[in-house]
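# Notes for the structure review
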Amino acid sequence: MTTNDQAPASFAVHIPDAELVPEPLDPAQIVSGDPVVTGKVLWESADGKQIRGIWQITPGVVTDTEANELFVVVSGRATVAVEGGATLEIGPGDACVLREGDRTTWTVHETLRKAYHISL
């Protein structure tokens, strides 16, 4: 992880092959299945309000309360139901924007890997 008040140093990461580390999932978020979450923070601002990274989840159904996030799906497929809003079918190449506070239910059909930018 790189932390910097200014723009991060330029770098490239091959997202499909990046090694990720376990990110424990709160059991209360699991609706069904046995999903496993892994990820890697690539860059975080010094104030912690901007985060860029890679995130992956295996099949299952989970709930979440979202941050302000833009992500692009690299592999896998999921249905993301936004409470009181749209149901999003996402897969490789799709860009998705979630709003801070969105309550979502993720039905992960195939292990999903995404590259993201979160603004807190």
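Residues numbered from 1 in each chain as written. Predicted model: local features only at pLDDT ≥ 70, side-chain atom pairs only at ≥ 80, totals over all residues. Heavy atoms only, no water.

Summed over all chains, the structure comprises 3 salt bridges. Across the pair Arg-103 and Glu-83 runs a salt bridge whose closest N-O atoms are separated by 3.5 Å. You can see Arg-103 sitting in strand β10 (residues 103–119) and its partner Glu-83 sitting in the loop between β7 (68–82) and β8 (87–90), a full 20 residues away along the chain. Notably, a salt bridge pairs Arg-99 with Asp-102, separated by 3.0 Å at the nearest N-O pair. With a relative accessible area of 56%, Arg-99 lands in the exposed category. The class for Asp-102 is buried, based on a relative accessible area of 9%. (Salt bridge = Lys/Arg side-chain N within 4 Å of Asp/Glu carboxyl O. Helix = DSSP H or I, 4+ residues; strand = E, 2+ residues; numbered from the N terminus. Buried < 20%, exposed > 50% of the residue type's maximum accessible area, 1.4 Å probe, protein only.)

Bringing the layout of surface pockets into the picture now. Quantified by volume, the largest pocket comes out at close to 360 Å³. For the lining of the largest pocket, the secondary-structure elements that each account for two or more residues are β5 (50–57), β6 (60–65) and β10. Classifying every residue of the lining of the largest pocket by side-chain character gives 10 nonpolar, 3 polar and 5 charged. (1 Å grid on protein atoms, 1.4 Å probe; cavity = no way out; pocket = protein on both sides within 12 Å on 5 of 7 lines; lining within 4 Å. Points joined across faces, edges and corners; volume = space filled by probe spheres on them. Nonpolar A, V, L, I, M, F, W, Y, C, P; charged D, E, K, R; others polar.)

The UniProt feature table records "domain: (S)-ureidoglycine aminohydrolase cupin" (unreviewed entry) at residues 45–116. The span residues 45–116 shows a helical share of 0% and a strand share of 72%, and its end C-alpha atoms are spaced 14 Å apart. (UniProt positions renumbered as here; feature names shortened; annotations may be inferred.)

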